[in-house]
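Below are the chains, spelled out letter by letter.
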Amino acid sequence: MYLLVRIVIRIEPFGKYDKVVLTGEKRNAITRDVLESLLKLGCEREVIVTNEGPVFSAGLDLSVFLESKERVLEYLFTIHKLIKKFLDCDKRIIAYIKGDVYGLGVELLYFLDYAVAASEALKFSLQGINFGLFPPYTVSIGKYLFSYGHLRIMLSRDFTAGEAFRFGIVSEIGQLSPERLFSPPEHIGAFVKAKRWIMERVDEAVPYLYKLAEAATSEETRSRIKKFFTGNRGKS
C-alpha cells in the first residue's frame, strides 16, 4: 500500500484489482491533484474506485472557476482526458459508492464499467446548476444514456441511489461482490464492454466544455460561488 503525494487517493491491492480510495480531502472534489493522480494510473490491472468519509465525490473543484478562463478550460480538458482514459482502458473499472455524489462525481460514473452503491438512500445531485455550472456530459450525451423522463429529474432535483439504479447510473445496490462479475478472455473483452460505444460519442461534449467555461467565469456564477464559500466559512 502506498500514498500518492498530496492527495487524496490511496492505492491498495484487492485480489486481482487495484483499489483506489478517495480519502476525503475537500470532500473528494476532483481537484487538479486528483486528476493528475488518476491519469497516472495504469490499465494493466482492474480497478475499484471507492471512498472514505460521507462523500464519494463533491464533483468539480469550485475554486478553479475563480481563475482565468484559460485555466478553467485547461482544467475541463484535463477532465475530458481522464474520461477518455477510462473509456480506453481494456481492464474493468468499478465504482463502489459509499457516500453522496455530486456533479462531476455523478457524471464520471457514466464512463465506468460497473457501479455499486452501498445504500439506496445515498444522495446523487447535479446541483452545480444552481451556481451556473451545468453538467456538460449530461447535457451533451445524456440523450444517448437516459430517457427524457430520467434526464428531466436529474437536471431538476437531487435523487437517491435507488433512483440512480432505475436510471441506469448505478448497476446495483448493496455490498461490492466483484467475484460475481463475468471474466471474459482478453481477446473478446473489448467487444463485450458496454462503454466502448460511448467513445464514439464522448467528443460531442467538447463544445459544451467551452460553453461551461464561458458560463462559469461569468460575474453571476462567480458571485454565487463566492457566496457559497463565504457561507461555508461561516459554518466552520
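Residues numbered from 1 in each chain as written. Predicted model: local features only at pLDDT ≥ 70, side-chain atom pairs only at ≥ 80, totals over all residues. Heavy atoms only, no water.

(A) Structural view of the state of the cysteines. Using the criterion set out here, one finds 1 disulfide in the structure. The disulfide partner of Cys43 is Cys89, and the gap between their sulfur atoms is 1.7 Å. The sign of the S-S torsion, about -90°, decides the handedness of the disulfide formed by Cys43 and Cys89: left-handed. Of this pair, Cys43 sits in the loop between helix 1 (32-40) and strand 5 (46-51) while Cys89 is found in the loop between helix 2 (69-88) and strand 8 (93-97), placing the two residues 46 residues apart along the sequence. (Disulfide = S-S within 2.5 Å. Helix = DSSP H or I, 4+ residues; strand = E, 2+ residues; numbered from the N terminus.)

(B) Here's a closer look at the pattern of salt bridges. What the rule picks out here adds up to 20 salt bridges. Here the salt bridges share partners, and the residues they tie into one network are Arg10, Glu12, Lys19 and Glu52. (Salt bridge = Lys/Arg side-chain N within 4 Å of Asp/Glu carboxyl O.)

(C) Highlighting unusual backbone geometry. At Arg27, a position not held by glycine, the phi torsion is positive, near 55°. The class of Arg27 is partly exposed, set by a relative accessible area of 44%. Residue Asn28 is not a glycine yet carries a positive backbone phi of 60°. Relative accessible area serves as the criterion here: at 5%, Asn28 is assigned to the buried category. (Buried < 20%, exposed > 50% of the residue type's maximum accessible area, 1.4 Å probe, protein only.)

(D) Inspection of the pairing of strand 2 (residues 9-14) at higher detail. Alignment of strand 2 against strand 3 (residues 17-22), held across 6 bridges, turns out to be antiparallel. Looking at strand 3, one finds that Pro13 is bridged to Asp18. Between the antiparallel neighbours strand 2 and strand 3 lie 2 residues, among them Gly15 with a positive phi of about 65°. (Pairing = 2+ DSSP bridges.)

(E) Up close: the environment of Ile169. With respect to the helices and strands, the residue Ile169 is situated in the loop between helix 6 (161-167) and strand 13 (172-173). Excluding its chain neighbours within four sequence positions, the residues that come into contact with Ile169 are Val106, Leu109, Tyr110, Ala115, Phe124, Phe146, Met154, Phe159 and Ala164. (Contact = heavy atoms within 4.5 Å.)

(F) Structural view of helix 4 (residues 136-145). When helix 4 is considered as a whole, its buried residues turn out to be Pro136, Tyr137, Thr138, Ser140, Ile141 and Gly142. Buried positions along helix 4 lie against helix 2, helix 3 (104-109), helix 5 (148-154) and helix 8 (206-216).

(G) Region of the structure containing the packing of helix 4 against helix 8. The geometry of helix 4 relative to helix 8 is characterised by a closest axis approach of 9 Å and an angle of 150° between their N-to-C directions. Compared by their axis directions, helix 4 and helix 8 come out roughly antiparallel. Here helix 4 and helix 8 pass one another in a crossing that is right-handed. Across the interface between the two elements, Pro136, Tyr137, Val139 and Ser140 of helix 4 pack against Tyr208, Leu209 and Leu212 of helix 8. The class makeup of the residues in the contact of helix 4 with helix 8 is 6 nonpolar, 1 polar and no charged. (Axes fitted to C-alpha atoms, helices over the stretch in contact; angles between N-to-C directions. Parallel < 35°, antiparallel > 145°, perpendicular 65-115°, else oblique. Left-handed = near helix turned anticlockwise from the far one by under 90°. Nonpolar A, V, L, I, M, F, W, Y, C, P; charged D, E, K, R; others polar.)

(H) Expanded view of the packing of helix 1 against helix 2. At their nearest, the axes of helix 1 and helix 2 sit 10 Å apart, and the two run at 30° to each other. As far as their axial angle goes, helix 2 and helix 1 are roughly parallel. In this structure, helix 1 crosses over helix 2, and the sense of that crossing is left-handed. Every residue of helix 2 that contacts helix 1 at Arg32, Leu35, Leu38 and Leu39 is listed here: Arg71, Tyr75, Thr78, Ile79, Lys81, Leu82 and Lys85. Here the residues of the contact of helix 1 with helix 2 sort into 6 nonpolar, 1 polar and 4 charged.

(I) Spatial organisation of the nonpolar core. Counting 64 residues, the largest nonpolar core has Phe65, Leu76, Ile97, Phe124 and Ile169 as its most contacted members. Excluding residues that lie within four positions of it along the chain, Ile97 makes contacts with Asn51, Phe56, Leu109, Ala115, Val116, Ala117, Ala118, Leu122, Phe124 and Val170. (Core = buried A, V, L, I, M, F, W, Y, C linked by side-chain atoms within 4.5 Å.)

(J) The sheet that holds strand 11 (residues 123-125), seen in detail. Strand order across the open sheet formed by 4 strands is 6-9-11-12, with mixed pairing between neighbours. Where the open sheet ends on each side, the last strands, each with one partner, are strand 6 (55-57) and strand 12 (159-160).

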